[in-house]
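Next come the chains, spelled out residue by residue.
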Number of protein chains: 2
Amino acid sequence: MISEEKPRRKGGRTRKREQIKNAVPVHHPPLVRKIPIYEVLNEEGVELVHDFAMRVLEQVGCDFRDEESLDFWRKTDAEIDGQRVRVGRDSLMELVGHAPSSYIQHARNPERTVKVGDGHTVIAPSYGPPFVLDMDGERRYATLDDLNNFQKLNHMASSVHIAGGPIVEPVDIPVPCRHLHMAYSGLKYSDKPIVGNVTARNRAEDTVEMMKIVFGEQFATNHTVTSSLINGNSPLVWDSTMLDALKVYAQNNQAVLVSPFSMTAASTPASNVGTIGVVVAEALIAIALAQIVRPGCPMLFGLPSMTVALNTGAPVHGSPDSAMVQLMANQMARRYRLPHRAIMNVATSKCVDIQAGYDSMWGIMPCFLSEANWLTMSGGLIEGSLTQSYAKTLIDFEQLDAFYHFAQGNSFDDLEEIFETVKHVGPGGHFLGEAHTRKSNLFIFPSQNNVTYEQWEADGKKDSARVGLDRARDWLNRYEAPAMDRSLDQALLEFIRKKTRELPKTVT
Amino acid sequence: MISEEKPRRKGGRTRKREQIKNAVPVHHPPLVRKIPIYEVLNEEGVELVHDFAMRVLEQVGCDFRDEESLDFWRKTDAEIDGQRVRVGRDSLMELVGHAPSSYIQHARNPERTVKVGDGHTVIAPSYGPPFVLDMDGERRYATLDDLNNFQKLNHMASSVHIAGGPIVEPVDIPVPCRHLHMAYSGLKYSDKPIVGNVTARNRAEDTVEMMKIVFGEQFATNHTVTSSLINGNSPLVWDSTMLDALKVYAQNNQAVLVSPFSMTAASTPASNVGTIGVVVAEALIAIALAQIVRPGCPMLFGLPSMTVALNTGAPVHGSPDSAMVQLMANQMARRYRLPHRAIMNVATSKCVDIQAGYDSMWGIMPCFLSEANWLTMSGGLIEGSLTQSYAKTLIDFEQLDAFYHFAQGNSFDDLEEIFETVKHVGPGGHFLGEAHTRKSNLFIFPSQNNVTYEQWEADGKKDSARVGLDRARDWLNRYEAPAMDRSLDQALLEFIRKKTRELPKTVT
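Residues numbered from 1 in each chain as written. Chains lettered and ligands numbered in written order. Predicted model: local features only at pLDDT ≥ 70, side-chain atom pairs only at ≥ 80, totals over all residues. Heavy atoms only, no water.

A.B. asks: How should I be thinking about the overall build of chain A in this particular structure?
C.D. replies: Regarding its fold elements, chain A presents 18 helices and 21 strands. In terms of overall dimensions, chain A is globule-like: its C-alpha atoms have a radius of gyration of 24 Å, near the 23 Å expected for 508 residues. Dimensions of chain A along its principal axes, counting C-alpha atoms only, are 75 × 55 × 45 Å. Out of the 508 residues in chain A, the part that is buried amounts to 63%. When contacts within chain A are restricted to residue pairs at least 6 apart in sequence, long-range pairs at least 24 apart make up 76% of them. About 18200 Å² of surface is accessible on chain A, with carbon and sulfur atoms providing 48% of the total. Looking at charge distribution, chain A has the averaged site of its 53 positive side-chain charges lying 7 Å from that of its 61 negative ones. (Helix = DSSP H or I, 4+ residues; strand = E, 2+ residues; numbered from the N terminus. Rg over C-alpha atoms; globule rule 2.2 N^0.38 Å. Buried < 20%, exposed > 50% of the residue type's maximum accessible area, 1.4 Å probe, protein only. Contact = heavy atoms within 4.5 Å. Areas by Shrake-Rupley, 256 points an atom, 1.4 Å probe, with all protein chains shown as cover. Lys, Arg positive; Asp, Glu negative; His and termini not counted. Charge placed at Lys NZ, Arg CZ, Asp CG, Glu CD.)

A.B. asks: Looking at this structure, how should I read the packing of aromatic side chains?
C.D. replies: Any aromatic ring pair is given by two values, namely how distant the centres are and how the planes are angled relative to each other. Considering all chains together, one arrives at 25 aromatic pairs over all chains under this definition. Here the aromatic rings of Phe443(A) and Phe445(A) are separated by 5.1 Å at their centres, their planes lie at 80 degrees, and the arrangement is edge-to-face. On the accessibility criterion, Phe443(A) (13% relative accessible area) is buried. Classification of Phe445(A) as buried rests on a relative accessible area of 1%. The aromatic ring of Phe419(B) is capped on one face by Arg55(A), whose charged end is 4.2 Å from the ring centroid. (Phe/Tyr/Trp six-rings, centres within 6.5 Å; stacked < 30°, edge-to-face > 60°. Lys NZ or Arg CZ within 6 Å of the ring centre and 35° of its normal.)

A.B. asks: How do you make sense of the sheet that holds strand 2 (residues 79–81) of chain A when you look at a structure like this?
C.D. replies: In any sheet, the strands associate via hydrogen bonds between backbone groups, in a parallel or an antiparallel arrangement. All names here are of chain A. Strand order in the open sheet formed by four strands is 2-3-1-12, and the pairing between neighbours is mixed. Both outer strands of the open sheet, strand 2 and strand 12 (237–239), are each paired with one neighbouring strand and no more. In this sheet, neighbouring strand axes are inclined to one another by 25 degrees on average, regardless of whether the strands run parallel or antiparallel. Of the pairings in the sheet, the one linking strand 1 (residues 62–65) to strand 12 comprises three bridges and is parallel in character. Pairing of Arg65 across the sheet is with Asp239, part of strand 12. (Pairing = 2+ DSSP bridges. Axes fitted to C-alpha atoms, helices over the stretch in contact; angles between N-to-C directions.)

A.B. asks: Help me understand helix 17 (residues 464–478) of chain A in this model?
C.D. replies: The periodicity of an α-helix, 3.6 residues per turn, causes residues three or four places apart in sequence to face the same way. With 15 residues, helix 17 of chain A extends 20 Å from end C-alpha to end C-alpha; this agrees with the ideal 21 Å at 1.5 Å per step. Residues of helix 17 of chain A that are buried include every one of Ser464(A), Ala465(A), Val467(A), Gly468(A), Leu469(A), Ala472(A), Trp475(A) and Leu476(A), and no others. In the core, the buried residues of helix 17 of chain A are packed alongside helix 5 (144–156) and helix 13 (390–406) of chain A together with helix 12 (354–369) of chain B. (Expected span 1.5 Å × (residues − 1).)

A.B. asks: Help me understand the packing of helix 10 (residues 272–293) of chain B against helix 11 (residues 320–335) of chain B in this model?
C.D. replies: Helix packing geometry: the angle between the two helix axes and the distance between the axes. All names here are of chain B. Between helix 10 and helix 11, the least distance of the axes is 9 Å, while the angle of their chain directions is 45 degrees. Classed by the angle they form, the pair helix 10 and helix 11 counts as oblique. Two packed elements cross with a definite hand, and for helix 10 against helix 11 that hand is right-handed. Along the contact surface, helix 10 presents Asn272, Val273, Thr275, Ile276 and Val280, while helix 11 presents Asp321, Met324, Val325, Met328, Ala329 and Met332. (Parallel < 35°, antiparallel > 145°, perpendicular 65-115°, else oblique. Left-handed = near helix turned anticlockwise from the far one by under 90°.)

A.B. asks: For this particular structure, what's the right way to read the relation of the copies chain A and chain B?
C.D. replies: Superposition of the two copies of the chain requires a rotation about an axis and a shift along the axis. It takes a turn of 180 degrees to lay chain A on chain B, together with a shift of 0.0 Å along the axis; the resulting RMSD is 0.0 Å. This pairing of chains is accounted for by a two-fold axis. For chain A, the smallest separation between a C-alpha atom and the rotation axis is recorded for Ile354(A), amounting to 2.0 Å. (Least-squares fit on C-alpha atoms with pLDDT ≥ 70 in both.)

A.B. asks: Would you mind going over the sheet that holds strand 3 (residues 84–86) of chain B with me for this structure?
C.D. replies: All names here are of chain B. The four strands are arranged 2-3-1-12 in an open sheet whose pairing can be described as mixed. Each of the sheet's edge strands pairs with one partner strand only, and the pair in question is strand 2 (79–81) and strand 12 (237–239). When the angles between neighbouring strand axes are averaged without regard to direction, this sheet yields 25 degrees.

Right, dumping it as structure tokens:
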């Protein structure tokens, strides 16, 4: 898949410029935490949640609004009553047990291929906002250009491992062919593993077809080359659109992120424990279905974790309760040996303000302190995930780098060298000039302004929203597309043209 | 100390208005965490840091730039060489062992009296900024009016337990009598326990005198009625000003927060482990000195935890490394059974922007996830602690409430009621109208805007810095002074007048 063009040799200044350019992006491998996992439930708590979820599936059941899915359930000892499926804990856990605890997702550039689960964590972009807060500070509908831009920015982000998907919805592209352009955007502007489409059965199938073009038919059927998100309708309903996508991807051994759409106090109980209990039930029964479709196909367990503000009825991102739910979700995922997908970085704020930072941190913190394996929403989301901000994207990326650094934990390897340095510096001295200090790998936020107030004032009193915008412009200027073989590019574009021609005239 | 005036009975509307007013402030008791403590060091790591600190004090030593302190050390088996003190681990640990693992700090209103340590945590205001970012968005020198305002705001904050101290420096008051007005400000505008002054021996003594006026001579000498901060000069130096304050407060059984002024990579090694090793040495030897002065006097162990940006040489607040240092500091404090003071909420940002939120969260998070007992900087600090922002203060307070809520952990008490509710709601239903939902105590940020974008736009597109300002104005309008006996007020003012008269004419 990699370009076979040989680089031409270049002279002095050009080479140096290219070396500097090539210095970015740095690509961090999937995170393997060296810090302890923060657990908010003890073993008894985990088993109480498990038992609650099992009782929900045994006594209340879950609705599958899809005949084909019900047919799959009829192959088991589940009790079917209309669309309602009730399943006993032994059968359920046996099915769930087929899902692997980790999987490899291949990228078109093999160096970007990642392991997800079993202690390995990847970071994925935003998902689904129809609006952007653009370079001019205007909130408007997102376009394909915006999507391409955000693919580029995520491609360049050192701590982002995944590309593709609707980082923003390209609203200027008609819905019936939008998925084709979204898949192309992710494949073209990044060489990281990609997220697939789920909005209709044929769109999931098209995604699989495009991946076969990239990886070859046989490879793409036996290996995982996409991960795709399906949302449940909490409480306890899975609809046919999502189930179609689930079945298509499962049949093709592609990973599915099974995500009940919990809104605590509205679609799930007004309790963090109650919410996680219902969500576990919803997720496990969908994962079980996929394992009937194709035993062993890769799955992720997770939820968006919002709390509903009872004064307005609005769901909010960024709250201590949703952080608690995320931490519990991780413990439950680990109990079932399933990779865990968590939502990292969404602000309820309408703009890039201090509350946006706090809101986001309530998502980022549990993502990194737990052992969640697929951290979605790498940066930029405001307005409860309706709007993607260029400025916030760049500021948020630095928080990912910071947590990546934090998760490396502490090193005692240089303790004796440090002791000798302390002896050498002595009381009243300073460490700035010491050899040990020069090897420092302490983390400093690139966008954090630490000059004097007077200097900051002279530089135009830029707040960090402005700094983020400047950085977004700078990154897009410096972006270099990863190599893509011309024939592959042509084949993908031809597939898009063909599929678009097949659509009714009215929509193209 | 409480006003003995009887409240007059009032009629209908007046009473109702007063009831609403009296509904705030809510005062949370000191936090007792029901969540697990997040530990980043294993037992071996804790002992490696301990051994490192002991070797520093045995082999390198610490300078005490104060003859009286050296005389105290001469009463022990420490090795004195000029100002350098080296002390063996057995002697040191024996002295440190006299410091209590918790203490009671009394407030002039007994209902606000707090326990600090042994699982009990209090929150204290900002400390020391000479500037304010004021109600008009202007950065200027702080005045006594500002200090009084911030006393009022902290008094009203439900999760703030402590008052007094230089929440801002009242720069309009001459230095020699500033401490008198600072102490009065804390005592007058709040009835919570207060922070004392440390900038000179006589100022510490004046603080003690004023507390004797409030509590009576005997009570104030036998009980702890102030906690005061002394900063070390890292690496490994304690100066006479701070030692004078330490001795005065220790002699009077008042609590001292012993805080080496670590700046990782400049005043301490460029390593989180190395930093905590040096800081432990610095703090323990000062705590040991206080225990020679008065065995059993209450102490807190802590550090400001900044990282130096090697590109500018500037110390920054808000970094993953300083969060790591704070978490380790808590583990070391617990090893020594000392109450731990941590710094919560300081932004490096120059304004109230998204980076300010992120910066602050890197301080707040380790404060609450560890078992730190005295969390200073309740809200408002920007510019690396040089400026106190009215707007940020109010936004930050909500984060304290959120973490206070988070630290209550999970409840399983209502699990059966939740299960019955899930059965009742069933697949596809919703929980909003359920009896269980109406009892919800989920946390929603008051300043987090969760209305539609269009509504937000129509309301003036206020960012959260603006919302914070509006709230600050509103709180100050609604502030009601806690009762203070008129004779006590007069006695305090008379003491200030007397002390001011005794000062040379040039400074008053």
